[in-house]
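Letter by letter, the chains look like this.
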Amino acid sequence: MDSLNLNFKSTFLTNIPLPIPLFPSHKPPSSAKPKTTIHSSSSSSSSSVTPDPWSLSDGNDPTKPKPRSKNSKNPLSDDNARRIIKARAQYLSQLRKNQGSRAQTPKWIKRTPEQMVKYLQDDRNGHLYGRHVVAAIKQVRALAVRGEGGYDMREVMASFVGKLSFREMCVVLKEQKGWRQARDFFSWMKLQLSYRPSVIVYTIVLRIYGQVGKIKMSEETFLEMLEAGCEPDEVACGTMICTYAKWGRHKAMLSFFSAVQERGIILTAAVFNFMLSSLQKKSLHGKVIEIWRQMVDKGVAPNHFTYTVVISSLVKEGLLEEAFRTFSEMKNFGFVPEEVTYSILINLSNKNGNREEALRLYEDMRSQKIVPSNYTCASLLALYYKNEDYSKALSLFSEMERKKIAADEVIYGLLIRIYGKLGLYEDAQKTFEETEQLGLLSDEKTYLAMAQVHLNSGNVEKAVKIIELMKSRNIWFSRFAYIVLLQCYVMKEDLNSAEVTFEALSKTGLPDSGSCNDLLNLYIRLGLMEKARDFIAQIRKDKVDFDEELYKTVLRVYCKEGMLRDTEQLVEEMGTDQSFKDNRFILTCFRAMHNQIEDDQLDKKVLAFDHPDTMAIELMLNLYLADENLMKTEEILKLLLQTAGGLSIVGQVINKFIREGDALKAETLTGLLIKLGCRLQGATVASLISLFAKQRKLKKAQEVFSAVADSSTCEKSIYNSMIDAYAKCGRPEEAYSLYKQVAEKGHDMNAVGISIVVNALTNIGKHREAENIICESLEGSSELDTVAYNTFIKAMLGAGKLHFASSIYDRMLSSGISPSIQTYNTMISVYGRGRKLDRAVEMFNTARSLGLCLDEKAYMNLISYYGKAGMRHEASQLFTKMLEEGIKPGMVSYNIMINVYATAGLYHEVNELFQAMQRDGCLPDSFTYLSVVRAYTESLKYSEAEETIDSMQKRGIPTSCAHFNLLLSAFAKAGQMGDAERVYKKLLTTGLYPDLACNRAMLRGYMDYGHVEEGINFFERISESVESDRFIMSAAVLLYKSAGMELKAEGLLDSMNSLGIPFLKDLEVGLKLKTS
């Protein structure tokens, strides 16, 4: 086919009959195009049309028409015939637009009487063609039902021979719909006497062949036209080019176009547009631009469509300035750009970071009242997201909804990211779900955007579920998907999954520095330093491209492990990396390691140490401390102290060591600073003392304190830390002693120190001393805060000084100190213990009215006092209210509420709560079962109570005497001493030793129901092991007397008198028998 095209071009250029010159003598159509002068009604009082300038001349100089004459005209050449036809059409068009009272009608459109007769005979009154032409068209069209070779065109058209003029035959040919009928009719047409070769008829045939893709036949027809001596004009050539363009024969099209250009034929804008559009569809943007430039050079005026296509191709080829220049030219010529043109330019500006230009284009588009597409909106949303202008992004999305612009998955993905950045995690989740409901969820980017939102919110499990959902739907896993999944497992601290994911990521190519940094940080967090070292060696071997963060993390591992040689090698490597040439972190490391180097070739920038990096200093100090190189550590400190703010940086490093719990390094640096005559800030010293206190290293804390205690600038924070250290290390007396020493020196302790001392004294039961400090603080000038007042109130509650605790609360309010929820909790206990339940309820309601977030403790504190007061209905209502507020009860809360019901014998309610607490994941403990046993015994359900105790034992929950005593007491009160004795024996078999309450219950049962002999035997059995008790001994005396054993009774009474135990006179044997 290519060889055919080459031959075709060669023929087009050379096979021209000699009588027709290669280049006609007249000017090209673009320069010879006549100009029609039109005077509008607004500029003239009457419409005028230039008289007909065309005559049937040869058309060589149409601007100078010959005058009319009666002589016959020379025959027209084909090229001039087409010019005259077009010019007449334009003239008539202008004439119709300027119809008026004085409009002129050219003589050549008037009919002679003979012409009128012919017109009527042809029945063309109101019709486009004559009857015989219409018949011919129908006759030829009807052949479409016959196959190839099924008819002879000569026979079919025999009746029309000599009846059709050349023009009428052209009409018949033009009206054909089938290429076969057109081919056969054209062959018949050429046999007629009225036929003469013309570019017009060949153009008609070319167009018909081109419409159905008969390219070879088109080429043959075009060659035939040349051989017939017809000079191809811009229409014929344009038709041929459009055929090539339509059917994707771009190589042939460009070859033919080149031939056309060499012949000097100027194509129309429509043909150029067809070429440009066809080339652009095949992404041949370079060719589009090439054709466009030739079009401009030839002076062909582009239209709206031309600009739209060309701007798109310029953008695709990266010719940005030319694209914007062409866009401006388009607007200057009065063309309104389409939405797609605005869209691609906005997207281009966005990618190039030209925010102002993108927004200007968008505003220009809005001023033209062009509704943006979802692609344009996506570009703008991406721009707003990139510039963190989230309010405008959400405003644009609202505008989309108002204008009913359908959002696609890209837009929903951007919205998810924006909501995530704003912390609106629920809105992001709703948007993701909406995307899925609309059936738009198909791109991994949307899944990963939602996963990253979950990661940012700390919800790792949901992030992993999103990625697993994506995997289950067979959505392709990109490299970025593995990176996000690795972040999930790192945050989750799932080492095995993280390593597997990293291995999968490595298979897609060299891992990125961020992923390496994530996995390395995981190893560090888990304390797997050996794995961290091996991992570093592997990624350095693989030549992973390190960024600054990865360098820092690797250096942190080396410094922490004391790997001096590796550190030096890495720092050298970092120093030679040109991308980190002016990096302050790397310069600081290099300077710290090369303090003693005197090399003239060393970069002066490296020696600069005016603004050292804190993290770099920390790592270098960490390195030499781990290497136990105190000399080098001291050198770095000296170097650092010579700079402005150096001491502050060292303080930050020491604080970092303290936060990490590395007391040795912090202490070493502190000692070196003291040696160098420097004094750290009080907060740093206080933090170091607190660290030693936390590690129970009181002696170390005392040493640090002693080094600064004699200073006149010793801060209160240091005293507070030392007092706290004494308290935490179990030396409250020394904490109190230090407090008094500070007070004697005239220093006023702040609220923190006072609170620590009061709390320490309260914990060891020295309530009087605590009270004295509280009184001194309230009477003195100390500025107390909420925590201090809470400590005072709690201390006095513990001391039983309820009135004083209440007065402290009143003082707190009068001083303008706002109570906290802890304050109200403590005051509820103060009033509850003082049996002022109404005031306790008042405290609870006050806290609620102030908008404080009432916690579980506040609710259960008041509920417990309701229970103790027997107000179980109020307790139940408050518990229900707590559940409605969304507060989930814990073990203690369930136990308190169960006990409230149990005391009242409401075993149904107890069972319900017992089941509820297990559903909530709270396993019943010994206290829970004690309440359940109490509920059954109070409601006389003795067998259920005993089954509950057995159930405890089966579940491995330890029983106590209290559990058995409830059942013993119940049996004894009911007079069922046989059952009581059985339970007593069961208690002994469990390995428990009966306490005083159990023995009292048994002896009371014997005495109340007159079981004298059994009672005496029981007393004599326990008398050796039980401690002296007033009730037991008094009951035994009465039992002895009832049995007539006066001597034993007298002996027991003497023993009681000698022990100073008074006899209970209100006891009576058989009291319950008499009552019954």
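The chain carries the name PROP1-like PPR domain-containing protein in an unreviewed UniProt entry, which gives Castanea mollissima as its organism. In UniProt, the chain has this text filed under Sequence similarities (unreviewed entry): "Belongs to the PPR family. P subfamily."

Q: I keep staring at the overall build of the chain and nothing clicks. Help me out?
A: Along the backbone of the chain there are 59 helices and zero strands. The buried share among the 1076 residues of the chain stands at 46%. The contacts of the chain with a sequence gap of at least 6 include a subset with a gap of at least 24, amounting to 64%. Working note: accessible area of the chain is about 55,700 Å², and carbon and sulfur atoms make up 50% of it.

Q: What is the right way to read the nonpolar core from this model?
A: Across soluble globular proteins, nonpolar side chains show a tendency to be buried alongside one another. Counting residues in each nonpolar core, the largest one holds 322 residues, and the members touching the most others are M157, F185 and M189. Per element, the largest residue contribution to this core is nine residues, and it comes from helix α57 (residues 1030-1042). Residues in contact with M157, not counting those within four places in the same chain, are A136, Q139, V140, L164, F185 and W188.

Q: Just to check I follow, could you spell out the packing of helix α41 (residues 751-763) against helix α42 (residues 767-779) for this structure?
A: Between two packed helices, the angle of one axis relative to the other and the distance separating the axes together describe the packing. The geometry of α41 relative to α42 is characterised by a closest axis approach of 8 Å and an angle of 160° between their N-to-C directions. Relative to α42, the element α41 is oriented roughly antiparallel. Crossing of α41 over α42 shows left-handed handedness. Every residue of α42 that contacts α41 at I754, V757, V758, L761 and T762 is listed here: H767, E769, A770, I773, I774 and S777. A class-by-class count of the residues in the contact of α41 with α42 yields seven nonpolar, three polar and one charged.

Q: Is there a simple way to think about the state of the cysteines in this case?
A: A covalent bond bridging the sulfur atoms of two cysteines is what the word disulfide describes. Scanning all chains against the criterion turns up zero disulfides. There is no disulfide at C998, and the cysteine sulfur nearest it, in C961, is 4.8 Å away.

Q: Would you explain unusual backbone geometry in this entry?
A: The phi dihedral of S283 falls on the positive side, at around 60°, and the residue is not glycine. In this structure, S283 sits in the loop between α13 (269-281) and α14 (285-297). Although it is not a glycine, L940 adopts a positive phi angle of roughly 65°. When you line up the elements, L940 lands in the loop between α51 (926-938) and α52 (942-954).

Q: Looking at this structure, I do not really get the packing of aromatic side chains. What am I missing?
A: The geometry of an aromatic ring pair comes down to the distance between the two centres and the angle between the two planes. Across all of its chains, the model carries 25 aromatic pairs by this definition. Arranged with centres 5.6 Å apart and planes meeting at 70°, the rings of F914 and Y929 form a pair that is edge-to-face. Placement of F914 in helix α50 (residues 907-919) and of Y929 in helix α51 is noted, with a sequence separation of 15 residues between them. The burial state of F914 is the same as that of Y929; both residues are buried. The ring of F477 has K471 lying over it, and the distance from NZ or CZ to the ring centre is 5.2 Å. Seen from the ring of F585, K552 lies directly overhead, with NZ or CZ sitting 5.1 Å from the centre.

Q: Looking at this structure, how should I read helix α35 (residues 646-659)?
A: It helps to recall that an α-helix has 3.6 residues per turn; residues three or four apart then point in one direction. Under the 1.5 Å per step criterion, the end-to-end length of α35 is 20 Å for 14 residues, consistent within 8% with the ideal 20 Å. Within α35, burial applies to G646, I649, V650, G651, V653, I654, F657 and I658. Contacts from the buried residues of α35 go to α33 (614-626), α34 (630-641), α36 (663-675) and α37 (682-694). Looking at the residues trailing α35, positive phi occurs at G661, about 80°.

Q: When you look at helix α48 (residues 872-884) in this model, what are you seeing that I'm missing?
A: Its 13 residues place the ends of α48 18 Å apart at the C-alpha level, agreeing with the 18 Å of an ideal helix rising 1.5 Å per residue. Where α48 is buried, its residues contact α46 (837-849), α47 (856-868), α49 (891-903) and α50. G886 lies just past α48 and shows a positive phi near 85°.

Q: What should I look at first to understand the pattern of salt bridges in this one?
A: For the coordinates displayed, the defined rule picks out 28 salt bridges. Between E290 and K287 there is a salt bridge, with its nearest N and O atoms 3.9 Å apart. With E290 and K287 both in helix α14 and three residues apart, the pair spans about one turn of that helix. In this structure E290 comes out as partly exposed when scored by relative accessible area, which is 39%. Here E461 and K492 are joined by a salt bridge, their closest N and O atoms 3.4 Å apart.

Q: Would you explain the environment of Y489 in this entry?
A: Tracing the chain through its elements places Y489 in helix α25 (residues 479-492). Taking the C-alpha atoms as reference points, Y489 and E461, separated by 28 residues in sequence, lie 9.4 Å from one another. When sequence neighbours within four positions are dropped, the list of residues in contact with Y489 reads V464, D494, S497, A498 and T501.

Q: Sorry if this is basic, but what is going on with the environment of M225 here?
A: Residue position: M225 is located in helix α10 (residues 215-227). Expressed as a C-alpha distance, the spacing of M225 and V201, which sit 24 residues apart in the sequence, is 9.5 Å. Among residues more than four places away in sequence, those in contact with M225 are V199, Y202, C230, P232 and A236.

Q: Hey, could you run me through the confidence of the model for the chain in this one?
A: The predicted coordinates ought not to be read in detail in places where the model reports low pLDDT. On average, residues of the chain carry a pLDDT of 80, and 87% of them reach 70 or more. Note on residues 13-64: pLDDT is under 50 here. Beyond four places in sequence and across chains, it has 65 contacts. Below pLDDT 50 for its whole length, residues 596-608 participates in ten contacts with residues either more than four positions away or in separate chains.

Q: Explanation requested: the packing of α13 against α14 in the structure shown.
A: Contact geometry for α13 and α14: axes closest at 8 Å, N-to-C directions at 165°. When the interaxial angle is binned, α13 and α14 end up roughly antiparallel. Handedness of the α13/α14 crossing: left-handed. Counted together, A269, F272, M275, L276, L279 and Q280 of α13 and H285, K287, V288, I291, W292 and M295 of α14 form the full contact between these two elements. Broken down by class, the residue content of the contact of α13 with α14 amounts to nine nonpolar, two polar and one charged.

Q: Honestly, the environment of T239 in this entry has me stumped. Any pointers?
A: Position of T239 relative to the elements: it lies in helix α11 (residues 234-246). When the C-alpha positions of T239 and S218 are compared, they lie 9.7 Å apart, and in sequence the two are 21 residues distant. Those residues in contact with T239 that sit more than four places away from it in its chain are T203, L206 and R207.

Conventions adopted
Residues numbered from 1 in each chain as written. Predicted model: local features only at pLDDT ≥ 70, side-chain atom pairs only at ≥ 80, totals over all residues. Heavy atoms only, no water. UniProt positions renumbered as here; feature names shortened; annotations may be inferred. Helix = DSSP H or I, 4+ residues; strand = E, 2+ residues; numbered from the N terminus. Buried < 20%, exposed > 50% of the residue type's maximum accessible area, 1.4 Å probe, protein only. Contact = heavy atoms within 4.5 Å. Areas by Shrake-Rupley, 256 points an atom, 1.4 Å probe, with all protein chains shown as cover. Core = buried A, V, L, I, M, F, W, Y, C linked by side-chain atoms within 4.5 Å. Axes fitted to C-alpha atoms, helices over the stretch in contact; angles between N-to-C directions. Parallel < 35°, antiparallel > 145°, perpendicular 65-115°, else oblique. Left-handed = near helix turned anticlockwise from the far one by under 90°. Nonpolar A, V, L, I, M, F, W, Y, C, P; charged D, E, K, R; others polar. Disulfide = S-S within 2.5 Å. Phe/Tyr/Trp six-rings, centres within 6.5 Å; stacked < 30°, edge-to-face > 60°. Lys NZ or Arg CZ within 6 Å of the ring centre and 35° of its normal. Expected span 1.5 Å × (residues − 1). Salt bridge = Lys/Arg side-chain N within 4 Å of Asp/Glu carboxyl O. pLDDT = per-residue confidence, 0-100.

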